[in-house]
Amino acid sequence: VLFSAFFFKIGLGELAIKFMVVLFSTGIVLISYLLISEMFNKKYALLTSIGVAFSWVFLFFTGRPMTEIPATFFILLSMLFFWKGYVLEKGKKFIYLFGFFYAIAALIRMQYLMFALPFFIFIFTKEKFRFLKNKTLWIAFLIFFIMLLPFFILYSMNYGFFIKDILNYYLGIGGAGKVASSASTKTFFDLFDYFLDLPYLLTKPIFILFIIGSVYFLANLIFGIDKMFKNEIIRKKLFILFFIITAFITLGRMTETVEQRYVMPVLPFLFLISVIPLIKSEELFMKYFKLNAKFVEFLVIIILLALLIPSFLWANNLIENKKNSYLEVEEAGIWIKENSNTGD
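Just so you know, these numbers come straight off a predicted model, no measurement behind them. Throughout this description, residue numbers start from 1 for each chain and increase along the sequence as written. Only residues with pLDDT of at least 70 are given local features in this predicted model, and only at 80 or more are side-chain atom pairs given and counted; all residues enter the totals for whole chains, interfaces and linings. The side-chain quantities take in all heavy atoms of the structure and omit both hydrogens and water.

A. Up close: the pattern of salt bridges. By definition here, a salt bridge exists when the distance from a side-chain nitrogen of Lys or Arg to a carboxyl oxygen of Asp or Glu is within 4 Å. Using the criterion set out here, one finds 10 salt bridges in the structure. K280 serves as the salt-bridge partner of E283, at 3.8 Å between the closest nitrogen and oxygen. With E283 and K280 both in helix 16 (residues 276-288), this residue pair falls three residues apart, about one helical turn. Residue burial is assigned from relative accessible area. The probe radius is 1.4 Å, only protein chains are included, and a residue is buried under 20% of its type maximum, exposed over 50%, and partly exposed in between. Among the residues examined, E283 registers a relative accessible area of 39% and is labelled partly exposed. One network of salt bridges, in which partners are shared, links E68, R109, E259 and R261. Only DSSP runs of H or I reaching four residues or more are called helices, and only runs of E reaching two or more are called strands; each is numbered from the N terminus.

Structure below.
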C-alpha cells in the first residue's frame with residue numbers, strides 16, 4: 001500500500017503501478033535465470049527462465065496488480081544472494097543482502113516466512129551445529145530482524161501479539177477468523193490440494209515432463225540421502241524439495257481454495273525439474289546420433305516452446321475473459337469522482 005501510495009502522491013497513479021508490476025514480472029524471469037545459473041548451469045537456467053516467461057500464472061497476474069509478483073521477485077532475489085554468498089562463498093555482502101531482501105519479501109507477504117524452513121535445513125546440512133558460530137549468518141539474521149521489528153511492534157500495539165496472530169491467521173491455531181476457521185477444519189488429505197493442482201498449474205504437457213523429471217530428480221536424491229552432509233548436489237536438491245513441499249503443505253493447510261498465485265516462488269523450481277527430460281534427451285541425441293550441439297540445443301528450445309503453447313493460450317484466454325472483472329467498480333469510482341468534491 002505504501003509503495004502504491006508513492007506513485008499516487010507524485011501524480012503517476014495507476015499506470016505507473018501497473019508498469020512496475022510488469023518490471024517486477026520481467027525481473028522474475030531474469031532472477032530465475034541468474035539463480036539457476038548459480039545453482040546448476042546456464043543450459044538449465046535458459047530453459048527454466050523460458051518456462052517462467054510463458055507460465056500462464058505470471059502472464060495473467062502481471063495484468064492484475066497484487067503483492068505476489070513483487071514478493072516473489074524479492075524472495076528469489078534473496079535466494080540468489082544466499083546462494084552467491086553462503087553456498088558459493090563469493091562474499092559476505094551477499095549474505096547480508098540475503099537478509100535484507102528476504103525481509104522485504106516478508107514485509108510484502110508475511111506468509112513467505114514459511115521459506116525460512118528450507119533455508120535452515122540447508123544451513124544445518126552444510127554446517128550442522130557449527131552454524132551457531134557463524135557470525136555472518138547472525139548479522140544477516142539481525143538485519144532481517146531489525147527490518148521487521150517496526151512492523152512487529154506496530155502490529156502488536158494495534159492487534160495483539162504478532163506471533164500468536166500469525167499462527168491464528170495462517171494456520172488456524174487458537175483462533176476463529178476466516179482463514180483460521182478454514183485452516184482448523186482442514187483434513188489430512190486437504191494438505192495435498194496444491195500437489196493435485198499441478199496439472200492445471202503447469203498445464204498438462206509440462207506436467208508430463210515434470211513427472212518424468214521428478215523420477216530422475218528424486219531417485220538421485222533418495223539414493224544419495226545418506227550423503228546430504230557431505231555432497232553439495234544432494235544438499236542442493238534437498239533444499240529444492242523442501243522449498244516446494246513447505247509451500248504446498250503450508251498453503252494446503254491455510255487456504256480455503258487453491259490459489260495458483262500463492263505458489264509463484266516455487267514455479268522456477270517446478271520448471272527446473274520439468275526441463276530435466278529435455279536436457280537428458282539432448283545429451284542422448286548428441287551422444288548416439290552425433291548431431292551438432294547447437295542444432296540440438298535449438299531443437300530443444302523449439303520443443304519446449306511448443307509444449308508451452310497451451311500455457312500461453314490459457315493465459316490469453318483468462319486475460320480476455322477477466323479483463324472486465326472490475327468494470328462496475330471502475331464505473332462507480334468514475335461516477336463518484338465526477339459527482340463529488342475533493343474532501344467529501
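Now that the structure has been shown, the text picks up again.
B. Up close: a nonpolar patch on the surface. A patch consists of residues whose relative accessible area exceeds 30% and which take part in no salt bridge; residues with like charges are grouped when within 9 Å of each other, and nonpolar side chains (Val, Leu, Ile, Met, Phe, Trp, Tyr) when within 5 Å. Note that accessible areas follow from Shrake-Rupley with a 1.4 Å probe, and for residues the cover is restricted to the protein chains shown. Side chains of F129, L132, W138, F141, L142, F145, I146, L149, I153, L154 and M157 sit close together on the surface and give an oily, nonpolar patch of about 1100 Å² of accessible area. Position of F141 among the secondary structure elements: in helix 8 (residues 135-159).

C. Geometry of helix 16. Here helix 16 spans 18 Å end to end across 13 residues, near enough to the 18 Å set by a 1.5 Å rise per residue. Every buried residue belonging to helix 16 is among I276, P277, L278, I279 and E282, and all of these are buried. By definition, residues are in contact when any of their heavy atoms lie within 4.5 Å. The inward-facing, buried residues of helix 16 contact helix 3 (42-53), helix 13 (204-223), helix 15 (267-274) and helix 17 (293-307). K290 lies just past helix 16 and shows a positive phi near 55°. Residue count minus one, scaled by 1.5 Å, sets the expected span of a helix.

D. Layout of the packing of aromatic side chains. Under the pairing criterion, centres of Phe, Tyr and Trp rings, with the six-membered ring standing for Trp, must be within 6.5 Å; the plane angle then separates stacked pairs below 30 degrees from edge-to-face pairs above 60, leaving the rest tilted. Within the structure shown, the criterion is met by 44 aromatic pairs. Here the aromatic rings of F82 and F122 are separated by 5.9 Å at their centres, their planes lie at 75°, and the arrangement is edge-to-face. One end of the pair, F82, is in helix 5 (residues 68-87); the other, F122, is in helix 7 (residues 116-127), with 40 residues separating them in the sequence. The two residues F82 and F122 agree in class, both being buried. Taking the ring centre of Y86 as reference, the NZ or CZ of K126 above it sits at 5.7 Å. Placement of a charge over a ring requires the Lys NZ or Arg CZ to be within 6 Å of the ring centre, with the centre-to-atom vector within 35 degrees of the ring normal.

E. Seen up close, helix 6 (residues 92-108). The terminal C-alpha atoms of helix 6 lie 25 Å apart, and with 17 residues this matches the ideal 24 Å at 1.5 Å per residue to within 8%. For helix 6, the secondary structure elements touched by its buried residues are helix 5, helix 7 and helix 8.

F. Focus on the side chain of R261. Within the secondary structure, R261 is located in the loop between helix 14 (232-254) and helix 15. In terms of polar contacts, R261 uses its side chain to reach the side chain of E68, at 2.6 Å. R261 has contacts with V57, F61, M66 and E68, leaving out every residue within four places of it along the chain. The term polar contact refers here to a pair of N or O atoms within 3.5 Å; inside protein, the definition further demands a hydrogen-donor-capable atom paired with an acceptor-capable atom, and it admits residues adjacent in sequence only when both atoms are side-chain atoms.

G. Examining unusual backbone geometry more closely. In this structure, E89 takes a positive phi of about 55° despite not being glycine. For E89, a relative accessible area of 61% gives the class exposed.

H. Spotlight on the packing of helix 3 against helix 16. Lines fitted to C-alpha atoms define the axes, with helix axes restricted to the stretch in contact, and inter-axis angles between N-to-C directions lie between 0 and 180 degrees. Put simply, helix 3 and helix 16 touch, their axes get as near as 10 Å, and they point 135° apart. Here helix 3 is positioned oblique relative to helix 16, judged by the angle of their axes. The interaxial crossing formed by helix 3 with helix 16 has right-handed handedness. Contacts between helix 3 and helix 16 pair K43, Y44 and L47 from the former with I276, I279, K280 and E282 from the latter. In the contact of helix 3 with helix 16, the residues fall into four nonpolar, no polar and three charged. Roughly parallel here means an angle under 35 degrees, roughly antiparallel means over 145, roughly perpendicular means 65 to 115, and every remaining angle is called oblique. For any pair of crossing helices, the crossing counts as left-handed if the nearer helix is rotated counterclockwise from the farther one by less than a right angle, and right-handed if it is rotated clockwise. Note that Gly is not counted as nonpolar here; it falls among the polar residues with everything else outside the nonpolar set of Ala, Val, Leu, Ile, Met, Phe, Trp, Tyr, Cys and Pro and the charged set of Asp, Glu, Lys and Arg.

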